[in-house]
Amino acid sequence: MSVNGALLRLTVLGSSPAVPNPGRACSSYLVESNADRVVLDMGTGAFANLRCHVSYTAVSAIAISHMHADHFIDVVPYRYALKYGDERPKTRLPLLLPPGGEPLLRAMVAAFAREGSAGDFLDESFAVGTYDTQHARRVGDLEMRFAPTRHYIPAYAMRVSHGGRTLVFSADTAPSEGLVEFARGADVLLCEATLEPGFEEIGERGHSTPAEAGAMAQQAGIERLVITHYSQHVGAEAIRADASRSFAGEIILAHDHLKLDV
Ligand SMILES: [Zn+2]
Ligand SMILES: [Zn+2]
């Protein structure tokens with residue numbers, strides 16, 4: 001139940017890991033209140049899925065968790081829509097990048113932007129900025145916070161709150177005490193489970209199994225766990241069974257277009 005009828009709704013736009021599952025996009029999640037909408041990540045194929053739910057001009061901001069292509073590459077088709085699409089917004093769309101992300105994105109688009117226009121490629125359509133991991137940020141009536149995860153490159157979990165309800169998105173992460181603390185008290189943890197049940201990641205760790213996602217949710221006192229960023233070939237039952245070894249609450253498997261009131 002939400003406070004005063006306030007709404008915080010999650011729509012999954014992309015539930016795949018870096019290798020897209022058949023018919024599914026990579027990491028992207030629409031989180032909306034009654035008045036505002038933020039898109040967390042804009043992975044491969046996610047822009048077309050966004051259009052199934054809302055006008056691309058009705059989004060208040062995009063926030064990118066980290067600069068792996070499966071989390072941001074559809075910023076490019078989003079830019080084409082803002083510049084050439086049938087709806088052209090009058091203001092630029094805030095694009096909130098992780099610390100260090102802006103030079104990478106600019107270098108990438110410079111490789112295919114028309115000569116002399118590389119500087120405008122993003123800036124005509126987006127208000128490009130970097131989020132501050134030390135302070136909360138408002139996107140309309142949504143409050144956002146960011147915290148580092150345990151991944152191969154700098155990556156940031158995101159906490160979105162409105163009307164007394166809170167969703168935490170893990171981004172990509174290995175098991176992380178920092179994420180557990182960051183997620184404490186949230187209503188829903190949207191957590192990656194890239195690794196197959198029982199898989200032991202050797203050396204530097206950057207991802208989690210379903211059981212590890214469940215353990216983080218359990219330690220954080222979460223009641224509803226949404227598992228995402230998983231390979232479809234593993235099978236829903238195997239993922240559920242593994243997560244339930246360590247998590248006593250409700251387990252929901254993300255799929256593209258899933259809607260959930262937080
Ligand atoms: Zn990923
Ligand atoms: Zn990643």
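Below is a summary of the structure that appears in this document. (Residues numbered from 1 in each chain as written. Chains lettered and ligands numbered in written order. Predicted model: local features only at pLDDT ≥ 70, side-chain atom pairs only at ≥ 80, totals over all residues. Heavy atoms only, no water.)

## Structural notes on the pairing of strand E1 (residues 9-14)
Where we set the bar: Per-residue accessibility, obtained with a 1.4 Å probe over protein chains only, is compared with the maximum for each type, and a residue is labelled buried under 20%, exposed over 50%, and partly exposed between these values. Only runs of H or I of at least four residues qualify as helices and only runs of E of at least two qualify as strands under DSSP, and these elements are numbered from the N terminus. For two strands to pair, DSSP has to find at least two bridges joining them.
Counting buried residues along E1, five of its six residues qualify, which places the element largely inside the surrounding structure. Where E1 lies against strand E2 (residues 28-32), five bridges are found, and the strand directions are antiparallel. Looking across to E2, one finds that Gly14 is bridged to Ser28. Of the pairings in the sheet, the one linking E1 to strand E14 (residues 259-261) comprises three bridges and is antiparallel in character. Paired with Arg9 across the two strands is Asp261, which belongs to E14.

## Details of the nonpolar core
Heads up, the condition is: To qualify as a nonpolar core, a set must consist of buried Ala, Val, Leu, Ile, Met, Phe, Trp, Tyr and Cys residues joined through side-chain atoms within 4.5 Å. Contact between two residues is taken to exist if any of their heavy atoms lie within 4.5 Å; hydrogens are not considered.
Within the largest apolar cluster, 30 residues are counted, with the highest numbers of intra-cluster contacts made by Met42, Leu50, Ile64, Tyr78, Leu95, Leu105 and Phe126. Listing elements by their share of this core, those giving two or more residues are helix H1 (46-50), helix H3 (75-84), strand E5 (93-97), helix H4 (101-110), helix H5 (118-123) and strand E6 (126-130). The element that contributes the greatest number of residues to this core is H3, accounting for five residues. Excluding residues within four positions of it along the chain, Phe126 makes contact with Ile62, Val75, Tyr78, Arg79, Leu82, Arg92, Leu93 and Leu95. Counting residues in hydrophobic clusters, the runner-up holds 29 residues, among them Val31, Val160, Phe169 and Ala171.

## Section: the pattern of salt bridges
Note the threshold: By definition here, a salt bridge exists when the distance from a side-chain nitrogen of Lys or Arg to a carboxyl oxygen of Asp or Glu is within 4 Å.
Tallied over the full model, the rule gives 12 salt bridges. Measuring nitrogen to oxygen at the nearest pair gives 3.4 Å for the salt bridge that ties Asp187 to Arg165. Taken together, the residues Asp187 in the loop between helix H6 (177-183) and strand E11 (188-192) and Arg165 in strand E10 (residues 165-169) connect sequence positions 22 residues apart. Note on accessibility: Asp187 and Arg165 belong to one class, buried. Between Arg184 and Glu181 there is a salt bridge, with its nearest N and O atoms 2.8 Å apart. Judged by relative accessible area, Arg184 falls into the partly exposed class, the value being 40%.

## What to know about the coordination of the zinc ion (ligand 1)
Octahedral metal centres with six donors ideally show angles of 90 or 180 degrees, and tetrahedral centres with four donors ideally show 109.5 degrees. Under the convention used in this document: For Na, K and Ca the donor cutoff is 3.2 Å, while for all other metals N, O and S atoms count as donors only within 2.8 Å; water does not appear among the atoms, so some sites may look incomplete. Geometry assignment treats four donors as tetrahedral when all angles are between 85 and 135 degrees, treats four as square planar and six as octahedral when opposite donors are over 155 degrees apart and all others between 65 and 115, and treats everything else as irregular.
Looking at the zinc ion (ligand 1), the protein donor atoms are Asp70 (OD), His71 (NE2), Asp172 (OD) and His229 (NE2), and they sit 2.1 to 2.2 Å from it. What the four donor atoms of the zinc ion (ligand 1) show is an angle range of 89 to 162° at the metal, which sorts the shape as irregular. Read from N- to C-terminus, the donor residues coordinating the zinc ion (ligand 1) fall into the pattern D-H-x100-D-x56-H. Between the zinc ion (ligand 1) and the zinc ion (ligand 2), both coordinated by Asp172, there is a metal-metal distance of 3.5 Å. Taken as a pair, Asp70 in helix H2 (residues 69-72) and Asp172 in the loop between E10 and H6 lie far apart in primary sequence, 102 residues in all.

## Side note on the coordination of the zinc ion (ligand 2)
Bound to the zinc ion (ligand 2) on the protein side are His66 (NE2), His68 (ND1), His151 (NE2) and Asp172 (OD), at distances that span 2.1 to 2.4 Å. Judged by relative accessible area, which is 9%, His151 ranks as buried.

## Overview of the sheet that holds strand E9 (residues 156-162)
In any sheet, the strands associate via hydrogen bonds between backbone groups, in a parallel or an antiparallel arrangement. Definition in use: Only the stretch in contact is used when fitting a helix axis, every axis being a line fitted to C-alpha atoms; angles between N-to-C directions are given from 0 to 180 degrees.
Overall, mixed pairing links the seven strands, which are arranged E7-E8-E9-E10-E11-E12-E13 in an open sheet. Looking at the sheet topology across the chains shown, the edges are occupied by strand E7 (137-139) and strand E13 (250-253). Direction aside, neighbouring strands of the sheet carry axes that sit 25° apart on average. Against the sheet, helix H8 (residues 236-244) contacts strand E12 (224-228) and E13, and its axis sits at roughly 150° relative to E13.

## Here we look at helix H7 (residues 210-219)
Within H7, the full set of buried residues consists of Pro210, Ala211, Ala213, Gly214, Met216 and Ala217. Here the buried face of H7 lies against H6, E11, E12 and H8. Just past H7, the residue Gly221 takes up positive phi, approximately 75°.

## Here's the deal with the environment of Arg165
Using the following cut-off: Polar contact is defined as a pair of N or O atoms within 3.5 Å, subject to the rule that within protein one atom must be able to donate a hydrogen and the other to accept it, and that residues adjacent in sequence are counted only when both atoms are side-chain atoms.
Overall, Arg165 belongs to the buried group, its relative accessible area being 16%. It is 21 Å that separates the C-alpha atoms of Arg165 and Ala213, two residues lying 48 residues apart in sequence. In terms of polar contacts, Arg165 uses its side chain to reach the backbone carbonyl oxygen of Val262, at 3.0 Å.

## Some remarks on unusual backbone geometry
With glycine set apart, most residues show a phi of negative sign, and most peptide bonds adopt trans. Positive phi outside glycine occurs at His229, with the angle close to 60°. For His229, the location among the structural elements is in the loop between E12 and H8. Its identity is not glycine, yet His257 carries a phi of approximately 80°, on the positive side. Here His257 is to be found in the loop between E13 and E14.

## Here we look at the environment of Ser16
With respect to the helices, strands and loops of the structure, Ser16 is situated in the loop between E1 and E2. In this structure, the C-alpha to C-alpha distance between Ser16 and Ala183, residues 167 residues apart in sequence, is 22 Å. Apart from residues no more than four positions distant in its own chain, Ser16 is found in contact with Asn21, Arg24, Ala25, Cys26, Ser27, His229 and Tyr230. Separated by 3.4 Å, the side chain of Ser16 and the backbone oxygen of Arg24 make a polar contact.

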